[in-house]
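Residue-level listing of the chains:
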Amino acid sequence: MIINSEHRPWPIPKSSWRMKQIWHDLLFIHWPLPISMIRPFVPKRLEIDTFENQTWIGVVPFHMSGIRMKGLPVMPIASRFPEINVRVYVTLDGKPGVYFFSLDAESWLAVKVARAFYHLPYYLANLEVTEKENRILYQSQRTSSNGRFCFQAEYGATSDVFQAKKGSLDYWLTERYCLYSNNKNSLYRCEILHKPWPLQKADANIIQNTMADIEGIRLPDIKPIYHFSKKTEVLTWGLEKV
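- Looking at an unreviewed UniProt entry, one finds the chain named DUF2071 domain-containing protein and attributed to Leptospira saintgironsiae.

1. Considerations on the overall build of the chain
Move 1: Per the secondary structure count, the chain includes three helices and 12 strands.
Move 2: Scaling as 2.2 N^0.38, a compact globule of 242 residues should have a C-alpha radius of gyration of about 18 Å, and the chain matches this with 17 Å.
Move 3: Taken along the three principal axes of its C-alpha coordinates, the chain extends 45 × 40 × 40 Å.
Move 4: A burial count over the chain gives 50% of its 242 residues as buried.
Move 5: Of the roughly 12,100 Å² of accessible surface on the chain, 50% is carried by carbon and sulfur atoms.
Move 6: Positive and negative side-chain charges in the chain, numbering 30 and 23 respectively, have mean positions lying 7 Å apart.

2. Re the pairing of strand β8 (residues 150–157)
Move 1: Pairing of strand β7 (residues 135–142) with β8 involves six bridges; the strand directions are antiparallel. Within β8, the residue paired with Tyr-138 across the bridge is Ala-153.

3. Points about the pattern of salt bridges
Should the charged atoms of two oppositely charged side chains come close, the side chains can pair.
Move 1: Taken as a whole and judged by the stated rule, the model has 11 salt bridges.
Move 2: Across the pair Arg-135 and Glu-154 runs a salt bridge whose closest N-O atoms are separated by 3.2 Å. Of the two residues, Arg-135 sits in strand β7 while Glu-154 sits in strand β8, which places them 19 residues apart along the sequence.
Move 3: Overall, Glu-154 belongs to the partly exposed group, its relative accessible area being 29%.
Move 4: For Arg-148, the salt bridge identified is with Asp-213, shortest N-O distance 3.7 Å. Note that Arg-148 is positioned in the loop between β7 and β8 and Asp-213 in the loop between β11 (200–209) and β12 (225–241), a separation of 65 residues in sequence.
Move 5: Here Arg-148 falls in the partly exposed class, since its relative accessible area comes to 41%.
Move 6: The class of Asp-213 is partly exposed, set by a relative accessible area of 33%.
Move 7: By sharing partners, the salt bridges in this structure join Arg-8, Lys-95 and Glu-191 into a single network.

4. What to know about unusual backbone geometry
Move 1: In this structure, Asn-53 is a non-glycine residue whose phi angle is positive, near 65°.
Move 2: If you trace the backbone, Asn-53 turns up in the loop between β2 (47–48) and β3 (55–69).

5. Concerning the state of the cysteines
Move 1: Tallying each qualifying case throughout the model produces zero disulfides.
Move 2: Between Cys-178, a free cysteine, and Cys-190, which holds the nearest cysteine sulfur, the sulfur-to-sulfur gap is 8.5 Å.
Move 3: For Cys-178, a relative accessible area of 1% gives the class buried.

Conventions we followed
- Residue positions within a chain follow its written sequence, with the count starting from 1.
- Restriction of local features to residues with pLDDT of at least 70 applies here, the model being predicted, together with a cutoff of 80 or more for giving and counting side-chain atom pairs; totals for whole chains, interfaces and linings are based on all residues.
- Note that the side-chain values use all heavy atoms of the structure and ignore hydrogens as well as water.
- Secondary structure elements follow DSSP: runs of H or I of four or more residues count as helices, runs of E of two or more count as strands, with numbering from the N terminus.
- Taken over C-alpha atoms, the radius of gyration is set against a globule rule of 2.2 Å times the number of residues to the power 0.38.
- Only protein chains enter the accessibility calculation, which uses a 1.4 Å probe; a residue is then buried when its area is under 20% of its type maximum, exposed when over 50%, and partly exposed in between.
- Under the convention used here, a 1.4 Å probe and the Shrake-Rupley method define accessible areas, while residue burial counts only the protein chains that appear.
- Charged residues are defined narrowly, with Lys and Arg counted positive, Asp and Glu counted negative, and His plus the chain ends left uncounted.
- Working definition for charges: the position is that of NZ of Lys, CZ of Arg, CG of Asp or CD of Glu.
- Each pair of strands is called paired provided DSSP finds at least two bridges between the two strands.
- By definition here, a salt bridge exists when the distance from a side-chain nitrogen of Lys or Arg to a carboxyl oxygen of Asp or Glu is within 4 Å.
- Any two cysteine sulfur atoms within 2.5 Å of one another count as a disulfide.

In structure tokens form, the structure reads like this:
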């Protein structure tokens, strides 16, 4: 797979990519939060990123397919599974990216690999994703939480596909080309490459959402911002210590 990288804010690494994934039926759900509410949960070296002096938290359900390491075929037991993550936005050395509070997945192998090699807070969950009349029905419950971390929603696109304009909130929330993780007081960056997001406006009926039910964090009682993306191919690199 070849993806033009000229749209990225900085060049891709000189080394080769490590993993390919395809993301399907992804919904960005975003709420504004005070920086002070997020700051205790993010490593001190990472600056909380803001748009017009406001930061945001996202809950992002989707499902993946075609997962493989470079030079290897698709892995039958871990090539496709649903995932839902909770994220905030940070920056370091001029490279804005994503910092995850949690990532819930149905694949036990993906959970173990991501925790061991990417230092990401993955958790095993029971997830179910179905499509009915162009609407996505999504359910998730973390297996180790006694029902605490759950998500259930119906969602879908409400507009034609568009690309976010640089400088807009749509762009700031979605066009992120690295993630950060930490382990034993060390900070790491993972570079990411995909085409500019093929976004659509969306709506959702959120029946249950306790994914961000973290002590000290409370989602505001307002309608969030929704963005939908039907399909995106993604390349990721290995971790780089920063």
